[in-house]
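# Remarks on the overall topology
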Amino acid sequence: MTHYVAFNAQRAIDYVSTLIDTQQCDFFAPGQTLSAYEFGDGNLNLVFRISDEHNNSVILKQALPYARCVGESWPLTLDRARIEAQVLLNHGAICPQFTVRVLHYCATQALTIMEDLGQLQILRGAQNNAQQFPQLAQHVATYLSHTGFYNSDFYLPAQHKKALVSQFTNPELCQITEDLFFSDPYIDHPRNNYPQQLAPHVQALRNNSALKLAVAKLKARFLSSPQSLLHGDMHSGSIFVDQQNTKMIDPEFGFFGPIGFDIGSFIGNLLLNYCAQRGHIADFVARRNYQTHLLSTLVECYSVFEQQWVSLIEQHTTEQSFKVAGYSEQFMQQVLQDSIGFCGTELIRRTIGLAHVADIDSIRDDDTRLSVQQQTLALGEQLILNAPSCNTKDAFFSLLISQLN
Ligand code: SR1
Ligand code: MG
């Protein structure tokens, strides 16, 4: 096939069979009968699992020329498949243990074939079932600090970094984030999605000029801070887990942006789940135990992320100018404040914007769901407003504890 065709299961099999016949892959032995099915439930792409007769399997992910969750009325670049494959290769070279492995990429068909992580679970579903992952904090922190540092100006020669910034320019997907995180929730926009009963709370947000100023500053940071190569979509649906393993997938929103964005998105998703547990775990003590686990995960993740960044800066900074006394402390303080602010925007956009989270939407009782939505909105607002006065991570944790009930 010399031109792009959106696959069905048979086409996915035919594509892989051609790779086998032409000896372009070694993930299936020749002569096997392959089977495939499509199971993508994300917002954008087709996702097939392809298996042989011995239950060996791979995942084939193909970008559609539009956003799947909306339809053909929202055209979207196929180049996002290249971005995703190349971010995975970049991050996989730095943190292979935490990055899904790329087996094959094809620009014409906008597809990537990856290792099948089907033995693991998607974090969001597991957390909605109150499962605990003791290694998660350490693993996410290590992935974000190491991929962040080794793609930053602390480490990369300036010309090399600029070449990477150009390679990972991702304007259409960044536009989605710019709109969904920083614009839509604060205006009347048809993409927004919230129940009528929440309208007074949404209006109060939109009337809060201090909040809108703080969100404008966060948007400016997102638009104009090419600090490192981000994953770009670090929510709980982009992470596979079990008790020993954590694997990041889906970095199609990757680009050079502010370091606080990824960790802010991740902790925002922990907080969304924390709030949503009121609609999932009825027993008070059991709920408190699980919420305590989520909060400990958040505290450990941010603490390890910061410690590892500081130690990477101390040991591996190549840029002499950044070794000047006091620079790294100020840098890390700005990352903290950005992280808290971006975390707040994730809470708000997942509550009233286009793309919700199952943590909240799956709450059956309407009143409980509404009160959780009020809580995530209020928490998001407080985090955004107070981010600039959090000078240390402990101030951030105290702020959180004061806001959570
Ligand atoms: C139209 S895309 C909506 C959301 O899904 C992705 O996973 C990103 O989070 C994006 O904001
Ligand atoms: Mg995704």
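Computed from a prediction, not measured in an experiment: that's the story for all the values here. (Residues numbered from 1 in each chain as written. Chains lettered and ligands numbered in written order. Predicted model: local features only at pLDDT ≥ 70, side-chain atom pairs only at ≥ 80, totals over all residues. Heavy atoms only, no water.)

Time to look at the overall build of the chain. Summing up its helical and strand segments, the chain has 14 helices and 12 strands in all. Residue burial in the chain is summarised as follows: out of 405 residues, 56% are buried. Within the chain, residue pairs in contact and separated by at least 24 positions form 72% of the contacts whose partners lie at least 6 positions apart. Averaging the locations of the 26 positively and 38 negatively charged side chains of the chain gives two centres separated by 5 Å. (Helix = DSSP H or I, 4+ residues; strand = E, 2+ residues; numbered from the N terminus. Buried < 20%, exposed > 50% of the residue type's maximum accessible area, 1.4 Å probe, protein only. Contact = heavy atoms within 4.5 Å. Lys, Arg positive; Asp, Glu negative; His and termini not counted. Charge placed at Lys NZ, Arg CZ, Asp CG, Glu CD.)

In this section: the nonpolar core. Judged by nonpolar contacts, the single largest core of 59 residues is most densely connected at F266, L271, L383 and F396. At the level of secondary structure, the elements contributing two or more residues to this core comprise α3 (123-128), α4 (136-150), β10 (239-241), α9 (260-276), α10 (284-316), α11 (327-352), α13 (366-386) and α14 (393-403). Take this core: its biggest share by element is 11 residues, from α10. Setting aside anything within four residues of it in sequence, one finds L383 in contact with L271, I340, C343, G344, L347, F396, L399 and L400. (Core = buried A, V, L, I, M, F, W, Y, C linked by side-chain atoms within 4.5 Å.)

Scanning all chains against the criterion turns up 15 salt bridges. For K61, the salt bridge is made with D250, and the minimal N-O distance between the two is 2.4 Å. Pair noted here: K61 is in strand β3 (residues 57-63) and D250 is in the loop between β11 (246-248) and β12 (256-257), with a separation of 189 residues, a long-range link. A salt bridge links R221 to D338; the nearest nitrogen and oxygen atoms lie 2.8 Å apart. Pair noted here: R221 is in helix α8 (residues 209-223) and D338 is in helix α11, with a separation of 117 residues, a long-range link. A relative accessible area of 24% places R221 in the partly exposed class. (Salt bridge = Lys/Arg side-chain N within 4 Å of Asp/Glu carboxyl O.)

Spatial ordering of the open sheet is given by β1-β2-β3-β7-β6, a layout of 5 strands whose pairing is antiparallel. Since the sheet does not close on itself, it has two edges, and those belong to β1 (35-38) and β6 (102-106), each with one partner. Ignoring which end each strand starts from, the neighbouring axes of this sheet average 20° apart. Here β3 runs beside strand β7 (residues 111-115); their pairing, made up of 5 bridges, is antiparallel. (Pairing = 2+ DSSP bridges. Axes fitted to C-alpha atoms, helices over the stretch in contact; angles between N-to-C directions.)

Let us now look at the site of ligand 1. Taken together, N43, L44, C69, W74, L180, D233, H235, F253, R349, R350, L354 and A355 make up the full set of residues adjacent to ligand 1. Within the contact set of ligand 1, an oxygen atom lies 2.6 Å away from a side-chain nitrogen or oxygen of N43. Here an oxygen atom of ligand 1 and a side-chain polar atom of R349 are 2.7 Å apart. With the chains in place, 95% of the 320 Å² that ligand 1 exposes on its own is no longer accessible. Residue composition of the shell around ligand 1, grouped by class: 7 nonpolar, 2 polar and 3 charged. Each of domain 1 (9-115) and domain 2 (121-404) contributes no fewer than three residues to the shell around ligand 1. (Near = heavy atom within 4 Å. Polar contact = N/O pair within 3.5 Å; in protein donor to acceptor, adjacent residues only side chain to side chain. Areas by Shrake-Rupley, 256 points an atom, 1.4 Å probe, with all protein chains shown as cover. Nonpolar A, V, L, I, M, F, W, Y, C, P; charged D, E, K, R; others polar. Domains from an automatic or database assignment.)

The next point concerns the domain arrangement of the chain. Reports often express the size of an interface as the amount of accessible area lost when the parts come together. Each assigned domain of the chain is listed here: domain 1 (9-115) and domain 2 (121-404). In this assembly, 25 residues from domain 1 lie in contact with 29 residues from domain 2. The contact between domain 1 and domain 2 buries some 2300 Å² in all, and 65% of this surface belongs to carbon and sulfur atoms. Two residues, K61 and E252, come together in a salt bridge whose shortest N-O distance is 3.7 Å. Applying the counting rule to domain 1 against domain 2 returns 12 residue pairs in polar contact (both at pLDDT 80 or more). At the level of elements, β5 (71-75) and α2 (79-94) are the ones that each hand at least two residues to the side of domain 1 that touches domain 2. (Buried area = accessible area lost by both parts, 1.4 Å probe.)

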